[in-house]
Amino acid sequence: MLAFAPPMARTNRVAPRSTEEHRMTPRNLTILGATGTIGVNTLDVVARHPDKFRVVALSGLNQIDKLAAQCRQFQPRYAVVLDPDKAVTLQGLLAGSQTEVLVGMEALEFISALPEVDSVMAAIVGAAGLRPALAAARAGKRVLLANKETLVMAGRFFMEAVREHGATLLPIDSEHNAVFQSLPADYNGDPARHGVRRILLTASGGPFRTRAVETLKDVTPEEAVAHPNWVMGKKISVDSASMMNKGLEVIEARWLFNARPEQIEVVIHPQSIVHSMVEYLDGSVLAQLSNPDMRTPIAHSLAYPERVEAGVNWLDLAKLGQLTFEAPDFARFPCLKLAYQALAAGAAAPAVLNAANEVAVAAFLDRRIPYLGIAASLESVLGRLAGMAADSLEDLMVADATARREAESLIAHG
Ligand code: NDP
Ligand code: MG
């Protein structure tokens, strides 16, 4: 059936289990954004542990052949796309299979809240990921959150939904997963109570860390997406080059760990081995280290609190020899500074920044604006719209749409 219509609710919701039972029961998963880099890495880990994880639903946007191949391999009950024509194509490719194709945003929300699903991997890119992630939180799921834009746009409302509906939030972003692993297991969002002084987010510095600043005006999309350590989707790769990604991560950390902006610091660490750190009042600094491979945080969150193999190469510190650290250069990376400013401004400013950034990055990838035009358009849109209200989710949707229009018009008119 193509039009969205929720089938009858099922009642076999998995109740809280003892550790022993939980070891034996496979976890049922929905993977939002299955065809992206996080989605593919998630399925790679899942395929290594067929006794532990079962795929109930997958979603994609444009890569229909890839989604069909994933459905053939993992046999989910549902596959969701947003475009009705693509749904017809997918249904054709899946003829005779047991997978039902559903269409639209409501269908994404539906597969995020299915009673038989325990865990939802939220790995859609951009603000489009907000509604399904929110649906998973409201259904009390274990939410494996890769989509940082959800927290940047609507951190307060998302965290409220997690609390009110008893959802479990597990960060997939490697830095936040590292912070999560370096915090006490009973961390309750109160840094003072746990003696936490600072959160230290590491950043690789991306492909332009040492490039002559006067040549940044000539950066091409190909250069910007060529990250030295990580293979990622295009949008987050450009965000990493501009360090907007780290800015978004500072805002993400603010909400995930309830830390004040001045408690969150960024340190450049070009090798991407130390994924982030927590500093305690007694001077101890706890860190999580691993090779830069997203399957580590993904496997950690999928299996939490257990540990499973992720297919990742073991860390060979002697071979690495050196780990180095340096302070970020705000003149080279103005987007990072803009993110701190948006966080300080509060209200709708982070949502405005996020929306304008999505538009500017897409325009840069389409070669409609130069690389330096990204920071310039963000600064301008933020200057005009930072004061917009954020008293409700609806307010934030309005701020998001207004910032997109403003950024588009700025780009169109130079
Ligand atoms: P990709 O671009 O590789 O994948 C995005 C996924 O979302 C694809 O499945 C894509 O479908 C789907 N998608 C894109 N736009 C929409 C939309 N408007 N509505 C519904 N689905 C959509 O991104 P990544 O996997 O790299 O990143 C996903 C999220 O995870 C981002 O928020 C990113 O910031 C975060 N993240 C990623 C990391 C990484 O290492 N890649 C690390 C930390 C966080 P299709 O491909 O079929 O078009
Ligand atoms: Mg990250």
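These notes cover the structure that comes with them. (Residues numbered from 1 in each chain as written. Chains lettered and ligands numbered in written order. Predicted model: local features only at pLDDT ≥ 70, side-chain atom pairs only at ≥ 80, totals over all residues. Heavy atoms only, no water.)

1. Observations regarding the sheet that holds strand E1 (residues 27–32)
Reading across the sheet, the seven strands line up as E4-E3-E2-E1-E5-E6-E7 and stay open at both edges, with parallel pairing between neighbours. Edge positions in the sheet fall to strand E4 (100–103) and strand E7 (168–171), since each has one partner strand and no second. Taking each pair of neighbouring strands and ignoring which way they run, the sheet shows an average axis angle of 25 degrees. Relative to strand E2 (residues 53–59), E1 runs parallel, the two sharing five bridges. Counted as the bridge partner of Ile 31 is Leu 58 from E2. (Pairing = 2+ DSSP bridges. Helix = DSSP H or I, 4+ residues; strand = E, 2+ residues; numbered from the N terminus. Axes fitted to C-alpha atoms, helices over the stretch in contact; angles between N-to-C directions.)

2. Section: the packing of helix H5 (residues 105–112) against helix H6 (residues 130–138)
Their axes nearest at 8 Å, the elements H5 and H6 cross at an angle of 30 degrees. With respect to their mutual orientation, H5 and H6 come out roughly parallel. The two elements H5 and H6 meet at a crossing, and its hand is right-handed. Two secondary-structure elements touch here, H5 through Met 105, Glu 106, Leu 108, Glu 109 and Ser 112 and H6 through Arg 131, Pro 132, Ala 135 and Ala 136. (Parallel < 35°, antiparallel > 145°, perpendicular 65-115°, else oblique. Left-handed = near helix turned anticlockwise from the far one by under 90°. Contact = heavy atoms within 4.5 Å.)

3. Quick notes on the site of ligand 1
In the region of ligand 1, 24 residues are neighbours, and Thr 35, Thr 37, Asn 62, Gln 63 and Glu 149 sit closest. In this structure, Gly 33 approaches ligand 1 through a main-chain N or O atom, which is 3.3 Å from an oxygen atom. The side chain of Gln 63 places a nitrogen or oxygen atom 2.8 Å from an oxygen atom of ligand 1. Isolated, ligand 1 exposes 900 Å² of accessible area, and the fraction of that covered by the protein chains is 88%. Those elements that place two or more of their residues in the shell around ligand 1 are helix H2 (37–48) and helix H7 (148–164). Looking at the shell around ligand 1, its residues break down into twelve nonpolar, nine polar and three charged. (Near = heavy atom within 4 Å. Polar contact = N/O pair within 3.5 Å; in protein donor to acceptor, adjacent residues only side chain to side chain. Areas by Shrake-Rupley, 256 points an atom, 1.4 Å probe, with all protein chains shown as cover. Nonpolar A, V, L, I, M, F, W, Y, C, P; charged D, E, K, R; others polar.)

4. Section: helix H8 (residues 174–182)
Burial runs high along H8: seven of the nine residues are buried. Where H8 is concerned, the buried positions are Ser 174, Glu 175, His 176, Asn 177, Ala 178, Val 179 and Ser 182. Where H8 is buried, its residues meet E7, strand E8 (196–203), helix H11 (244–257), strand E10 (274–280), strand E11 (285–289) and helix H12 (295–303). (Buried < 20%, exposed > 50% of the residue type's maximum accessible area, 1.4 Å probe, protein only.)

5. Side note on the nonpolar core
Ranked by size, the top nonpolar core spans 97 residues in total, and within it Ile 111, Phe 158, Ile 374 and Leu 378 carry the most contacts. In terms of residues, this core owes the most to one element, helix H15 (residues 349–365), which gives eleven residues. Grouped together as the second largest cluster of nonpolar side chains are 38 residues, Ile 38, Val 103, Ile 298 and Ala 303 included. (Core = buried A, V, L, I, M, F, W, Y, C linked by side-chain atoms within 4.5 Å.)

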